Amino acid sequence: MTRKISYIATGLLLSNTLSGVAQTEGDSITYVLDEVVVTVDRRQTELKGNALVTRVGGTQLEHAGTANDVLRQVPMVLGGEGSFEVFGKGTPAIYVNGRLVQDASELARISSENIRNVEVITNPGAKYDASVKSVINIRTKAPLGDGFSGVIRAQGAVQKFARTYDQANLKYRTGGLEIFANLGYIYGKMEDRSTFCYITRTTRTWRQDLALDGVGHATDLYGKLGFSYMFNRNHSLGAYYSNGLSRSHTDFTGSSAVLADGASYDILSMSGRQQTGSVPKHYANLYYNGLAGNWSLDFNMDYMWRRGTDRQTNDEQSANFEDELVTSHSLTHSRLFAEKLIVGHPLWKGGIEFGEECTSSRFASDYSTDSEIVSGADSRVMENNIAGFVELGQQFGRWQVSAGLRYEHVSFDYLENGQKRDDMSRSYNNLFPSLSVATMFGNVRLGLTYTHKTQRPSYGDLDGTVSYINRFTLEGGNPYLKPVKIHNVQLQGTWKRFFGQISYSYLKDPIFHSSVPYADDGEIRLIIMENFPKIQKLEAFVGSQFRVGIWEPKVNLGITKQWLTVGYADGRKSLGNPVGLIQWQNAIHLPADIWLNVDMQWMSAGNHDNTRVTSMSYLNAKLYKAFFHNSFSISVEANDIFDKGRRDVTMISRDVTLSKSSLNTSRSFILTLQYTFNTTRDRYKGQGAGHNELNRF
């Protein structure tokens with residue numbers, strides 16, 4: 001267990017229309033035209049229903065590199081290299097042609113020239129799990145050709161230390177049969193330097209200033225083998241199996257000054273090692289996708305089993321008190337079985353979709369330590385979720401209306417040392433409605449949505465195991481956590497080349513970090529996750545895209561504002577400072593078909609949940625060139641050129657204030673070589689099931 005902190009034509013111009021040559025025959029006149037030039041102003045981003053759709057095919061995004069590079073240029077999407085979030089909505093569920101992406105590295109295996117468009121849904125309806133707050137759907141172009149095809153990609157990066165990411169994705173297609181195999185290897189050496197400031201208020205006010213300097217090594221090896229078979233254009237069946245291993249270790253040294261009520265109390269010197277591993281990582285998917293008459297069926301079945309280890313050693317040398325040598329070992333097992341069925345049929349002026357989804361999850365944690373203040377623990381979590389949903393969509397002239405309802409029954413059992421804890425076990429029965437209305441007035445498209453969602457705590461947060469941070473501070477899970485209830489209302493709109501969105505959310509029982517007394521004397525504090533009464537959030541985002549000759553700039557502006565008050569020291573503290581966002585992205589088409597991207601982003605300081613974050617900014621530059629009819633490409637990147645991309649974070653609670661500053665360089669240089677041959681689109685149509693459960697593991 002590890003718990004660290006379609007397009008719209010808006011204008012039409014005909015030039016060189018008639019060349020003055022007319023021929024007459026009877027009452028008809030035929031004009032012979034020298035040339036007709038048609039220029040169409042196509043929006044790159046538009047609103048379709050409740051989805052913001054960005055066109056990739058036929059735009060400069062075709063030359064971005066991979067799906068990772070495309071997503072970095074899509075409005076509302078932040079992040080990179082497989083780790084993305086949707087502005088104000090957190091981590092999204094990412095789909096490729098309707099199939100859920102379980103391995104984020106898959107995005108690096110999709111060439112940008114094969115992507116048709118990207119949908120961003122910021123308020124998904126009833127057919128998605130009630131905890132999914134945003135969805136990204138990548139749609140690729142039509143398949144081409146039979147025989148062998150593949151992508152071989154090698155990437156080297158330097159971010160103080162070097163790392164490599166190599167992969168080979170091979171495919172064989174004949175008739176309706178497609179067989180594919182993916183292999184990948186990641187190795188890197190990473191810097192891990194941080195400073196911490198713990199202020200703990202007990203009978204005395206303790207302050208601990210801690211500096212850690214570490215170097216880590218990480219290795220990840222994975223493989224995937226699968227097939228799909230298209231009986232005809234209406235029926236497809238497929239399955240795949242993947243496995244892999246992940247290992248990492250970090251060696252660190254540090255020093256700490258401890259003050260009690262402002263006076264020097266102790267000086268600590270420390271050293272240690274953390275080793276983590278995940279072997280094996282089994283994952284399998286089976287799907288059927290079919291169309292019988294007017295009925296569509298989409299069935300998925302998923303299985304996951306993982307084993308993880310975490311070994312830690314912490315040697316503290318005290319100037320004034322006894323030394324401490326603490327070792328700990330954690331062994332976790334995770335298992336998931338999930339299946340999902342979606343049935344669709346035309347109905348009246350639209351269509352209806354209904355179905356069910358079932359997940360069965362198991363999480364076990366065995367923790368042992370030789371610390372005198374922390375004891376070992378053996379905990380088990382068993383959870384079953386049965387859901388049914390229906391969604392109806394209708395078209396009334398220029399109005400599109402969609403309404404959905406999802407029912408979920410969840411049973412949760414918590415076992416400690418093999419015995420069920422009735423006070424921590426519970427069951428839930430919930431209805432989650434959704435409503436969407438969209439319309440168009442001339443060049444203006446509008447969409448209004450409402451959803452009721454939930455957010456369930458992760459299994460690590462539910463685990464009652466207490467782990468050692470230092471002799472004054474511990475960290476643990478909280479089996480008493482309740483799911484968060486979320487109500488969201490959202491208005492979206494597009495006009496010509498401009499788009500915007502404003503969203504209001506009300507969260508009941510939100511989950512934040514907090515602290516409670518530990519042990520009889522109360523001088524030690526335990527950092528846990530707790531339910532707070534409520535929080536309200538308002539998010540707004542606007543943007544536009546232009547084209548001036550060879551230059552294609554994009555400008556996006558966003559702001560988030562929350563209303564939250566927490567207990568702090570002997571009173572209350574308001575955490576309502578907004579966070580602003582400015583993005584300026586530039587694509588320049590240079591001679592020799594070279595693309596230059598220069599991107600800037602700035603985020604202001606402000607509050608997020610019960611934390612305070614500092615401002616940050618970055619400036620990235622990238623050169624991309626393809627050769628041999630786009631079969632071979634080279635890209636060179638310099639990310640965060642001025643090394644300003646780090647953010648300091650301060651967690652605020654009643655008894656503990658924890659501040660963390662990263663000293664790692666965020667500047668990096670990346671060289672990517674990619675070779676593709678006989679490129680084809682995947683026919684695999686499995687969408688996957690149990691997405692939320694996988695995230696909780």
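Residues numbered from 1 in each chain as written. Predicted model: local features only at pLDDT ≥ 70, side-chain atom pairs only at ≥ 80, totals over all residues. Heavy atoms only, no water.

What follows is about the overall build of the protein. Of regular secondary structure, the protein possesses three helices and 45 strands. In terms of overall dimensions, the protein is globule-like: its C-alpha atoms have a radius of gyration of 28 Å, near the 26 Å expected for 697 residues. The proportion of buried residues among the 697 residues of the protein is 47%. When the accessible surface of the protein is totalled, it reaches about 31,300 Å², and 58% of it is carbon and sulfur. A gap of 5 Å separates the mean positions of the 73 positive and 70 negative side-chain charges of the protein. (Helix = DSSP H or I, 4+ residues; strand = E, 2+ residues; numbered from the N terminus. Rg over C-alpha atoms; globule rule 2.2 N^0.38 Å. Buried < 20%, exposed > 50% of the residue type's maximum accessible area, 1.4 Å probe, protein only. Areas by Shrake-Rupley, 256 points an atom, 1.4 Å probe, with all protein chains shown as cover. Lys, Arg positive; Asp, Glu negative; His and termini not counted. Charge placed at Lys NZ, Arg CZ, Asp CG, Glu CD.)

Once that is clear, we can look at the nonpolar core. Most often, soluble globular proteins keep nonpolar side chains buried together rather than apart. Leu71, Ile115, Val118, Ile136 and Ile138 are the most contacted members of the largest nonpolar core, which totals 31 residues. For this core, the elements supplying multiple residues, two or more each, are helix H1 (67-71), strand S7 (77-80), strand S8 (83-86), strand S9 (93-96), strand S11 (115-121), strand S12 (135-140) and strand S37 (579-590). Discounting residues that sit within four places of it in the chain, leucine 71 has contacts with Val77, Phe84, Leu107, Val118, Ile136 and Ile138. Listed in part, the 20 residues of the second largest apolar core include Tyr414, Ile486, Leu507 and Ile652. (Core = buried A, V, L, I, M, F, W, Y, C linked by side-chain atoms within 4.5 Å. Contact = heavy atoms within 4.5 Å.)

By the definition in use, this model includes 29 salt bridges. Note that lysine 141 and glutamate 62 form a salt bridge whose closest N and O atoms lie 2.6 Å from each other. Of this pair, lysine 141 sits in the loop between S12 and strand S13 (147-159) while glutamate 62 sits in the loop between strand S6 (51-55) and H1, and the two are 79 residues apart along the sequence. A salt bridge links arginine 207 to aspartate 209, with the nearest nitrogen and oxygen atoms 3.0 Å apart. Using a relative accessible area of 37% as the deciding quantity, one classes arginine 207 as partly exposed. (Salt bridge = Lys/Arg side-chain N within 4 Å of Asp/Glu carboxyl O.)

A word on the packing of aromatic side chains. Applying the stated criterion across every chain yields a total of 19 aromatic pairs. With 6.1 Å between their ring centres and 80° between their planes, tryptophan 399 and phenylalanine 441 make a pair best called edge-to-face. Placement of tryptophan 399 in strand S23 (residues 399-416) and of phenylalanine 441 in strand S25 (residues 426-441) is noted, with a sequence separation of 42 residues between them. Using a relative accessible area of 39% as the deciding quantity, one classes tryptophan 399 as partly exposed. Within the aromatic cluster, the residues linked to one another by ring pairs are Phe87, Phe499 and Phe541. Positioned over the ring face of tyrosine 240 is lysine 224, at 4.0 Å from the centre of the ring. For the cation-ring pair, lysine 573 lies above tyrosine 568, with the distance from its terminal atom to the ring centre recorded as 5.3 Å. (Phe/Tyr/Trp six-rings, centres within 6.5 Å; stacked < 30°, edge-to-face > 60°. Lys NZ or Arg CZ within 6 Å of the ring centre and 35° of its normal.)

With ten bridges joining them, strand S33 (residues 534-545) and strand S34 (residues 551-563) adopt antiparallel strand pairing. Across the sheet, the residue bridging to glutamine 536 is tryptophan 563, located in S34. Between S33 and S34, which pair antiparallel and follow one another directly, the connecting turn spans five residues, one of which, glycine 549, has a positive phi of 65°. Sheet topology places S34 next to S37; ten bridges connect them, and they run antiparallel. Looking across to S37, one finds that glycine 558 is bridged to leucine 581. (Pairing = 2+ DSSP bridges.)

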